[in-house]
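# Structural overview for review
Here is how the chains run, residue by residue.
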Amino acid sequence: MNTRFRNLVGLASIAAIASIGLAGCSSSSGKTDSAASSSSTPATHKSPMNSMHTSPTPTGGATSMPTISIDNFAFQGATSVQAGAKVMVSNADSTNHTVTSDQPGLFDVVVPANGGSATFTAPSKPGTYAYHCTYHATMHGKLVVK
C-alpha cells in the first residue's frame, strides 16, 4: 500500500471517528469563548520533550490510536492509554487549542483549528496526568496512563 493511500485512509478514519464521537459533545457551561474564537491565531510552540505532528500517523495494523477530540471548547475521548502510547488529538473548533500537561515538560502540542490534528506520546510512567489548553483557561482533562 502506498504512502499517499495510507494517509488518505488515516484521514478518513479520523474524520469518521470524530463525526461519531463528537455528536454529543458540549462544554460544561454551554457557552463558547467568543474572545478566543475572534482572536488571531496564536504562535505555535513545542515542548522539548515532545515534537508536534500535524498529520495522522498510520497505525499499520488492527490497533487504533487512542484519540482525544476537541469540540465546543471541551476535551472528549481517550482517558486511559498504555504507557508510551501515541495519542491523536483532533480539533473540530474554529480556533487553535493545546493539549498541555499540568506537569511541565511531559507533553504539549498545538492542535490546529477546523479539523486539524496532532499527536503526542503519553508518559512512560503509569499514573494520572492532568492537562489543559493554554489558550482557554476553562479547558481541562485527565489522562490515565497504565
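Everything that follows concerns the structure shown earlier in this document.
Since this is a predicted model, take the numbers as computed values, not measurements.

### Observations regarding the pairing of strand E2 (residues 74-77)
Of the strand pairs in this sheet, strand E1 (residues 67-71) and E2 are connected by four bridges, and their pairing is antiparallel. Bridging from a neighbouring strand, Ile70 pairs with Phe75 of E2. Hairpin connection, E1 to E2: the antiparallel pair is bridged by two residues, and Asn72 has positive phi, about 55°.

### So, the pairing of strand E8 (residues 127-132)
Here strand E5 (residues 97-101) runs beside E8; their pairing, made up of two bridges, is antiparallel. From the neighbouring strand, Ser101 faces E8, where its bridge partner is Tyr131. Bridge count between E8 and strand E9 (residues 140-145): six bridges; the pairing is antiparallel. When the bridges of E9 are listed, Gly127 appears paired with Val145.

### Overview of the nonpolar core
Ile68, Phe75, Val81, Val99, Phe120 and Leu143 are the most contacted members of the largest nonpolar core, which totals 22 residues. Elements supplying a minimum of two residues to this core: E1, strand E4 (86-91), strand E6 (108-111), strand E7 (116-121), E8 and E9. Ignoring any residue separated from it by four or fewer positions in sequence, one finds Ile68 in contact with Phe75, Gln76, Ala78, Val87, Met88, Val89, Ser90, Phe120 and Tyr131.

### Considering the environment of Met88
Within the element layout of this structure, Met88 appears in strand E4. Relative accessible area serves as the criterion here: at 3%, Met88 is assigned to the buried category. Put simply, Met88 and Ser69 are 19 residues apart on the chain and 8.4 Å apart in space, counted from C-alpha to C-alpha.

### Regarding the packing of aromatic side chains
On inspection of all chains with the given rule, the structure shows three aromatic pairs. Measuring from centroid to centroid gives 4.5 Å for Phe107 and Phe120, while their planes differ by 20°, and the two rings are stacked. On the criterion of sequence distance, the pair formed by Phe107 in the loop between E5 and E6 and Phe120 in strand E7 is long-range, its members being 13 residues apart. Comparing Phe107 with Phe120 shows no difference in burial state: the two are buried. A connected cluster of aromatic rings, assembled from ring pairs, spans Phe75, Phe107, Phe120 and Tyr131.

### Things to note about the side chain of His97
Tracing the backbone shows His97 in strand E5. In terms of polar contacts, His97 uses its side chain to reach the side chain of Asp93, at 2.8 Å. Reaching out from His97, the side chain makes a polar contact with the side chain of His136 at a distance of 3.0 Å. Residues contacting His97, with those up to four places away along its chain left out, are Ile70, Phe73, Asn91, Val109, Val110, Val111, Cys133, Tyr135, His136 and Met139.

### Observations regarding the sheet that holds E4
One open sheet holds the four strands; their spatial order is E2-E1-E4-E7, and the pairing between them is mixed. Among the strands making up the open sheet, the edge pair consists of E2 and E7. Within the sheet, the average angular offset between the axes of one strand and its neighbour, ignoring direction, is 25°. Here E1 pairs with E4 via four bridges, running parallel. Considered in E4, the bridge of Ile68 is made with Val89.

Cut-offs applied
- Residues numbered from 1 in each chain as written.
- Predicted model: local features only at pLDDT ≥ 70, side-chain atom pairs only at ≥ 80, totals over all residues.
- Heavy atoms only, no water.
- Pairing = 2+ DSSP bridges.
- Helix = DSSP H or I, 4+ residues; strand = E, 2+ residues; numbered from the N terminus.
- Core = buried A, V, L, I, M, F, W, Y, C linked by side-chain atoms within 4.5 Å.
- Buried < 20%, exposed > 50% of the residue type's maximum accessible area, 1.4 Å probe, protein only.
- Contact = heavy atoms within 4.5 Å.
- Phe/Tyr/Trp six-rings, centres within 6.5 Å; stacked < 30°, edge-to-face > 60°.
- Polar contact = N/O pair within 3.5 Å; in protein donor to acceptor, adjacent residues only side chain to side chain.
- Axes fitted to C-alpha atoms, helices over the stretch in contact; angles between N-to-C directions.

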